[in-house]
Amino acid sequence: MTAADPQVPLRQPAARPPKELLSSTSHLLKRLGWTVKDRAVCAFESTGLSPSHYAVLALLEEEPRETQAMIADALGYDRSHLVGLLDELEERDLVERRRDPDDRRRHLVTLTPEGKRALKQLRSVVRRVDDEFFAPLDAEQRETLHALLLVLASHHEPRYGDRS
């Protein structure tokens with residue numbers, strides 16, 4: 001309660017993390033990763049899809065006729081988890097799975113025309129999340145951050161390496 005208005009409780013200042021954690025780049029990266037993930041999940045909610053669905057659709061547009069195993073490996077997804085994602089995408093007619101004529105044990109996955117339309121919508125969601133999340137940075141800072149993160153990602157996960 002305040003002296004001016006006894007009905008309004010005093011607001012406690014937000015608890016701050018210790019200086020040791022604020023000085024840790026890996027801690028900051030972890031916290032920001034959680035924050036942007038939460039924001040992305042919320043932003044995607046209205047589409048009925050998730051950032052994981054978006055990643056699958058983006059991959060299929062870039063490299064069509066992928067096998068389920070190749071998609072899982074490229075995205076770093078557990079193969080059994082990918083099957084569930086593909087089931088959901090197929091139910092919405094965003095992807096199509098067919099048996100590989102060369103190996104009946106495998107399924108080839110392709111993007112449907114509806115999948116291409118959904119991908120366009122999801123890209124606008126991603127742009128909005130990026131624009132809001134990185135708003136404190138100017139264009140040059142964003143490019144620098146992206147380049148540095150790509151160096152780290154390619155060092156720790158070779159699939160993020162040079163694609164030239």
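Please read all numbers here as calculations on a predicted model, not as lab measurements.

> Just to check I follow, could you spell out the pattern of salt bridges for this structure?
For side chains of opposite charge, pairing can occur when their charged atoms come near one another. The full count for this structure, using the stated rule, is 11 salt bridges. Across the pair Asp-73 and Arg-79 runs a salt bridge whose closest N-O atoms are separated by 2.8 Å. Asp-73 sits in the partly exposed class, given a relative accessible area of 44%. On the basis of relative accessibility, which here comes to 46%, the residue Arg-79 falls in the partly exposed class. The salt bridge involving Arg-142 is made with Asp-131; its shortest N-O contact spans 3.5 Å. With a gap of 11 residues between them, Arg-142 in helix H7 (residues 139–156) and Asp-131 in helix H6 (residues 113–133) connect regions that are remote in the sequence. The partly exposed category is assigned to Asp-131, whose relative accessible area is 44%. Taken together, the shared-partner salt bridges in this structure form one network comprising Asp-100, Asp-103, Arg-105 and Arg-106.

> How do you make sense of helix H3 (residues 51–62) when you look at a structure like this?
At 3.6 residues per turn, the α-helix brings residues three or four places apart onto the same side. With 12 residues, H3 should reach 16 Å at 1.5 Å per residue; the first-to-last C-alpha distance of 17 Å fits that figure. What H3 keeps buried is the set His-53, Ala-55, Val-56, Leu-57, Leu-59 and Leu-60. Buried residues belonging to H3 abut strand S1 (66–67), helix H4 (68–75), helix H5 (79–91), strand S2 (95–100), strand S3 (103–111) and H6.

> Is there a simple way to think about the nonpolar core in this case?
The nonpolar side chains of soluble globular proteins are, as a tendency, buried together. Of all hydrophobic cores here, the largest spans 26 residues; its most connected members are Val-56, Leu-57, Ile-71, Leu-82 and Leu-89. Contributing elements (two or more residues each) for this core: helix H2 (25–45), H3, H4, H5, S3 and H6. Setting aside chain neighbours within four positions, we find Ile-71 in contact with Val-56, Leu-59, Leu-60, Glu-66, Leu-82 and Val-109.

> How should the packing of H3 against H5 be read in this particular structure?
In helix packing, the relevant descriptors are the interaxial angle and the interaxial distance, both defined with respect to the helix axes. Packing of H3 against H5 brings their axes to within 10 Å, and their N-to-C directions diverge by 80°. By the angle between their axes, H3 is roughly perpendicular relative to H5. Listed contacts from H5 to Ser-52, His-53, Val-56 and Leu-57 of H3 are Leu-82, Leu-85, Leu-86, Glu-88 and Leu-89. Residues belonging to the contact of H3 with H5 are distributed by class as follows: 6 nonpolar, 2 polar and 1 charged.

Cut-offs and rules
Residues numbered from 1 in each chain as written. Predicted model: local features only at pLDDT ≥ 70, side-chain atom pairs only at ≥ 80, totals over all residues. Heavy atoms only, no water. Salt bridge = Lys/Arg side-chain N within 4 Å of Asp/Glu carboxyl O. Buried < 20%, exposed > 50% of the residue type's maximum accessible area, 1.4 Å probe, protein only. Helix = DSSP H or I, 4+ residues; strand = E, 2+ residues; numbered from the N terminus. Expected span 1.5 Å × (residues − 1). Contact = heavy atoms within 4.5 Å. Core = buried A, V, L, I, M, F, W, Y, C linked by side-chain atoms within 4.5 Å. Axes fitted to C-alpha atoms, helices over the stretch in contact; angles between N-to-C directions. Parallel < 35°, antiparallel > 145°, perpendicular 65-115°, else oblique. Nonpolar A, V, L, I, M, F, W, Y, C, P; charged D, E, K, R; others polar.

Honestly, that's just the spatial picture; any functional story needs more than this.
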